[in-house]
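Chain by chain, the residues run as shown.
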Amino acid sequence: MAKRDKKGSPQNGGDHFTKMIRATMETPAWRALSFTAQAAYPWLKLEWRGAHANNNGKISLSVRQLADRMGANPNTAAKALHDLQAKGFIVVTRHAVLGSSGHARSAEFELTELALSHSDQNGGRKLFKEWCEGGDYSVANTPAHNPNGANGKTKPCLKKQDGPS
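Residue numbers restart at each chain and count upward from 1, following the sequence in its written direction. Note on the predicted model: pLDDT of at least 70 is required for a residue's local features to be given, and 80 or more for side-chain atom pairs to be given and counted; whole-chain, interface and lining totals, by contrast, use all residues. Here the side-chain values reflect all heavy atoms present in the structure, with hydrogen atoms and water set aside.

Here we look at helix α5 (residues 74–86)
Helical geometry note: an α-helix holds 3.6 residues per turn, so side chains three or four residues apart project in the same direction.
1) Next: Helix length check: α5 (13 residues) gives 18 Å between terminal C-alpha atoms against 18 Å at 1.5 Å per residue, within 8%.
2) Next: Here a residue-residue contact requires only that any non-hydrogen atoms of the pair lie within 4.5 Å. Each helix is a run of H or I in the DSSP string that is no shorter than four residues. Each strand is a run of E no shorter than two, and both are numbered from the N terminus. If you follow the buried residues of α5, they end up packed against α2 (28–32), α3 (35–46), α4 (63–70), β2 (90–94) and β5 (108–111).
3) Next: The distance from a side-chain oxygen at the start of α5 to the backbone nitrogen of Asn-75 is 2.7 Å, and the residue carrying that oxygen is Asn-73.
4) Next: Residue Gly-88 follows α5 closely and has a positive phi angle near 90 degrees. Given a helix with a known number of residues, its expected span is that number minus one, times 1.5 Å. N or O atoms within 3.5 Å of each other form a polar contact, as long as, within protein, one can give a hydrogen and the other can take it, and as long as residues adjacent in sequence are counted only when both atoms are side-chain atoms.

Here it is in C-alpha cells:
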C-alpha cells in the first residue's frame, strides 16, 4: 500500500494519473462532445484527489488554467466547459467571481461520473448517460453583477464620436 500525505493523497514520486473508463467514452454524450471538450475532461478529472480525499463538487480549475494545460485559447477552453455541462459530464457548483479587492475565485465543478464527498451513493449521478441528441442540459452562466452597465446606464456614453453632435 502506498504512503499517503496529510490530505490522504498517495505519495508516488510526483506521478499523477486518472482513469478514463471505456464505458463512459462509448456513450452517445461522449461521442457528441467536441474534440476540445474531450481533451478538457481528463484535465478536470486530474484535479480530483481520489476517494480518500474526495473533493468532487469542489474541483476548481479556472478557464485560463485549463486553456494553458490544453495549449488552447481561453475562449476555446470556456466553450469546452460549456459543452461538458451541456452533455452532463460536469455541473457548476459555485460560479467564478472577481471580488471587490481584485482577487478572483475560479468556478467549482462536480464530475457527475464520480460520487460526491457527502453522498452515500456508490457512484456519481452520471447525467451523461441520460443525455440524448437535442436534449442538452442547461449551461450555468456566470451572472452579471452590473447588468445595467456603469452607473446604472443602459447605453454607454461615448465622449468622442465621429459625426454631428
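There is more to say, and it comes next.
Description of the pairing of β5
1) Next: In this scheme, a residue with accessible area under 20% of its type's maximum is buried, one over 50% is exposed, and one in between is partly exposed, where area comes from a 1.4 Å probe on protein chains only. Here β5 shows no split at all, with Glu-108 and Glu-110 on one side and Phe-109 and Leu-111 on the other all buried.
2) Next: Two strands pair when backbone bridges link them, and strand β1 (residues 59–60) and β5 are joined in this way by 2 bridges, in the antiparallel orientation. Across the sheet, Ile-59 pairs through a bridge with Phe-109, a residue of β5.
3) Next: Think of it this way: DSSP has to see at least two bridges between two strands before they count as a pair. Summarising the sheet, β2 and β5 pair through 4 bridges and their orientation is antiparallel.

A closer look at the packing of aromatic side chains
1) Next: When the centres of two rings from Phe, Tyr and Trp lie within 6.5 Å, Trp using its six-membered ring, the rings pair. Their planes under 30 degrees apart give stacked, over 60 give edge-to-face, and anything left gives tilted. On inspection of all chains with the given rule, the structure shows 4 aromatic pairs.
2) Next: Centre to centre, the rings of Trp-30 and Phe-89 are 5.6 Å apart; their planes meet at 75 degrees, and the pair counts as edge-to-face. Of this pair, Trp-30 sits in helix α2 while Phe-89 is found in the loop between α5 and β2, placing the two residues 59 residues apart along the sequence. Phe-89 carries the same exposure label as Trp-30, and that label is buried.

What to know about the sheet that holds β1
1) Next: Strands sit in the order β1-β5-β2 across an open sheet of 3 strands; the sheet is antiparallel. The strands lining the two open edges of the sheet, one partner per strand, are β1 and β2.
2) Next: The axes are straight lines fitted to the C-alpha atoms, using for helices just the contacting stretch, and the angles between their N-to-C directions are given from 0 to 180°. Across the sheet, α3 touches β1, β2 and β5, and the angle it forms with β5 is around 100 degrees.

Describing the side chain of Asn-55
1) Next: With respect to the element layout, Asn-55 can be found in the loop between α3 and β1.
2) Next: With relative accessibility at 9%, the residue Asn-55 sits in the buried group.
3) Next: Within polar-contact distance, the side chain of Asn-55 engages the backbone nitrogen of Arg-49 at 2.9 Å.
4) Next: Beyond its immediate sequence surroundings of up to four residues, Asn-55 is in contact with Glu-47, Trp-48 and Arg-49.

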